[in-house]
Each structure stands twice: as C-alpha cells, then as structure tokens.
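# Residue-level structural notes
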Amino acid sequence: GFVPGLFGTSHGALQFMAYEDLKERYNKYRNRVSDTKLNTVEYIMMAAVSKIFAVAATYPYQVVRARLQDQHNTYSGVFDVIRRTWR
C-alpha cells in the first residue's frame, strides 16, 4: 500500500542525510571549512559508510514488505510477519 511505500523512500533520504553529516564532521575533524571538497578516496569512503548505514536501517523493512507480498504464506498483519521472522 501507500504507507509501506513511503518507508521505501526513506532509504535514499537516510543515505543522503548520513552522507552530508559524515562529510561535515570529517571536514570539521580535519579542521577544514565544512564545504571543502573531498578527494576521491574520501568521497568513496563517505558514500560507502552512508550506504551501509541506510541499508542497515531500512533492510528490516524490505524483509517485512517482501514477506507480506509472498503468495505462499498467510500472515495476519505486519506484527505477525515481524514475530514469525524474528522467531
């Protein structure tokens, strides 16, 4: 439905938020102006870490969504999926 679909869009938002925050904190740590350009390795590291954060935060939602869409199992709702998945 519509509401679960909204959670799917959170992945990109979380990644962007984490990327910008990491970049700003890293520049502050290096005693640079917050909008200083990073080198290639620094960009790759910020992108990788922010992606890992976003995946870790949204992957459980993807599992629940996929199981709800599974035609071979019957669930009584989202909490039933979470309980049975956890078990």
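Along each chain, residues carry numbers from 1 onward, in the same order as the chain's sequence is written. Local features in this predicted model are restricted to residues whose pLDDT is 70 or higher, and side-chain atom pairs enter the listing and the counts only when it is 80 or higher, whereas totals over whole chains, interfaces and linings include all residues. Computation of side-chain values covers all heavy atoms of the structure but excludes hydrogens and water.

With respect to the element layout, Ser 50 can be found in helix H3 (residues 40-69). Contacts between residues were defined by any pair of non-hydrogen atoms, one from each residue, lying within 4.5 Å. Setting aside its immediate chain neighbours within four residues, Ser 50 contacts Gln 15, Ala 18, Tyr 19 and Leu 22. By the criteria applied, helices consist of DSSP H or I runs no shorter than four residues and strands consist of E runs no shorter than two, each listed in order from the N terminus.

Take the domain arrangement of the protein chain next. Domain delimitation in this document rests on an assignment produced automatically or drawn from a domain database. What the domain assignment lists for the protein chain is domain 1 (1-34) and domain 2 (36-86). Distance between the C-alpha centres of domain 1 and domain 2: 15 Å. Every contact between the two is made by 19 residues of domain 1 and, on the other side, 15 residues of domain 2. The buried area of a pairing is the accessible area, by a 1.4 Å probe, that goes missing from both parts when the two are put together, added over both. Of the roughly 1500 Å² buried between domain 1 and domain 2, counting both surfaces, carbon and sulfur atoms make up 67%. By the criterion of area lost to domain 2, the three top residues of domain 1 are His 11, Gln 15 and Tyr 19, representing 35% of everything that side buries. Any Lys or Arg side-chain nitrogen located within 4 Å of an Asp or Glu carboxyl oxygen qualifies as a salt bridge. Applying the counting criterion to the domain 1 and domain 2 interface returns one salt bridge.

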